[in-house]
Amino acid sequence: MKISVLGAGAWGTALAIAASARHDVLLWARDADAVAAMRAARRNARYLPDAPLPAALALGDDLDAALAHGINGDHGLIVIATPMAGLREMLARLPAGARAHWLCKGFEAGTGRLGHEIAREVAPHLATGILSGPSFAQEVAAGQPTALVSASSDAALARLGVNAFHSERLRVYSSADPIGVEVGGAVKNVMAIAVGIADGLRLAAEAQGRKGPGLNARAALITRGLAEMQRLALALGAHPETLLGLAGLGDLVLTATGDLSRNRRVGLLLAEGLDLPAILGKLGHVAEGVYSAPTVLARARGAGVDMPITSAVVDVLEGRLDTHGAMDALMGRQAKAEW
């Protein structure tokens, strides 16, 4: 296949590395100086400094050339690896005949749209889908075992995503439910902040010789977070089983508990008492849950869906509650049936 990956962040770079062993892959970055540096060092020093770039992986800063490279009939794929804020622009640039997957997870700021909704508005004539699932870029670039899902309402495109990335170390499943896959990928980031807060409160309490939220609280937040994800997904038209799969439960568990998770790290630092600007400066990379949380809550309210964990996270991020107050608010809710 001919594959163009648009965006040389950590995740785009990792997938380009993984696919270049079997396909003709071009990794595009907007910054010509950054591309020159990657060519010289054969590494992406900013995002994946420990992962060598294979000799077969082409690099470029010419967007038109990158788009042309990824159009090859049934054997071409364009992978949009920008943050959610850049998805609309990239979709609008896709030429006729392009077949595209995006990697970004979240709701678009301002409009509250998911990726498939943006694509329906901007590029309704093109075949589009999403590649998602529980995955840290560093592990994929290092060839460590990972499982993903390629989702599209176009069955042939879902299979094309499988053909592009399935390998001995990267197992890719197909799905016909891009809505469920996208909701899972967006909301799990918010839940990871909540779990990070609980774990941070526990660590802070233990340092002072006290008992804070424990592993029971973590399990409760993950499980009830999954329930919130599923309620919103169903309200938006998803299939319920999708949220129990890789892009739902799988991605939630990884992002909420993995030490490489930026969203979990936001929660940990909030529990330490840092303010949000300081946290974002400390991270140095995008934590999508911070930007997605208010939009997730707005979409949920618009659909009549109750999402108390999401609401508590938004209250903390926007300064209406501190982290202790958020935990108290969740634990103080009235008893109800689980389902």
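Values in this document were obtained by computation on a predicted structure and should not be read as measured data. (Residues numbered from 1 in each chain as written. Predicted model: local features only at pLDDT ≥ 70, side-chain atom pairs only at ≥ 80, totals over all residues. Heavy atoms only, no water.)

## Thoughts on the domain arrangement of the chain
Partitioning the chain into domains gives domain 1 (2-176) and domain 2 (180-332). Centre-to-centre separation of domain 1 and domain 2, based on C-alpha positions: 26 Å. Interface area for domain 1 against domain 2, summed over the two sides, is near 2000 Å², with a carbon-plus-sulfur share of 67%. Sorting the residues of domain 1 by area buried against domain 2 places Lys105, Phe107 and Phe136 first, and these three jointly supply 35% of that buried surface. Counting every contact that joins domain 1 to domain 2 gives two salt bridges. A salt bridge links Asp251 to Lys105, with the nearest nitrogen and oxygen atoms 2.6 Å apart. The interface formed by domain 1 and domain 2 includes six residue pairs in polar contact (both at pLDDT 80 or more). Taken together, the elements giving at least two residues each to the side of domain 1 that touches domain 2 come down to helix H5 (115-122), strand S8 (127-132), strand S9 (146-151) and strand S10 (170-175). (Domains from an automatic or database assignment. Buried area = accessible area lost by both parts, 1.4 Å probe. Salt bridge = Lys/Arg side-chain N within 4 Å of Asp/Glu carboxyl O. Polar contact = N/O pair within 3.5 Å; in protein donor to acceptor, adjacent residues only side chain to side chain. Helix = DSSP H or I, 4+ residues; strand = E, 2+ residues; numbered from the N terminus.)

## Remarks on the environment of Gly110
Its location among the elements puts Gly110 in the loop between strand S7 (99-102) and H5. Spatially, the C-alpha atoms of Gly110 and Thr295 are 8.1 Å apart, while their sequence positions differ by 185 residues.

## Notes on the pattern of salt bridges
Here the structure, examined in full by the defined rule, presents 16 salt bridges. With a closest N to O distance of 3.0 Å, Arg299 and Glu117 form a salt bridge. On the criterion of sequence distance, the pair formed by Arg299 in helix H13 (residues 288-302) and Glu117 in helix H5 is long-range, its members being 182 residues apart. A relative accessible area of 15% places Glu117 in the buried class. As a salt-bridge pair, Asp199 and Arg264 come within 2.4 Å of each other at their nearest N and O atoms. One end of the pair, Asp199, is in helix H8 (residues 178-207); the other, Arg264, is in helix H11 (residues 262-271), with 65 residues separating them in the sequence. (Buried < 20%, exposed > 50% of the residue type's maximum accessible area, 1.4 Å probe, protein only.)

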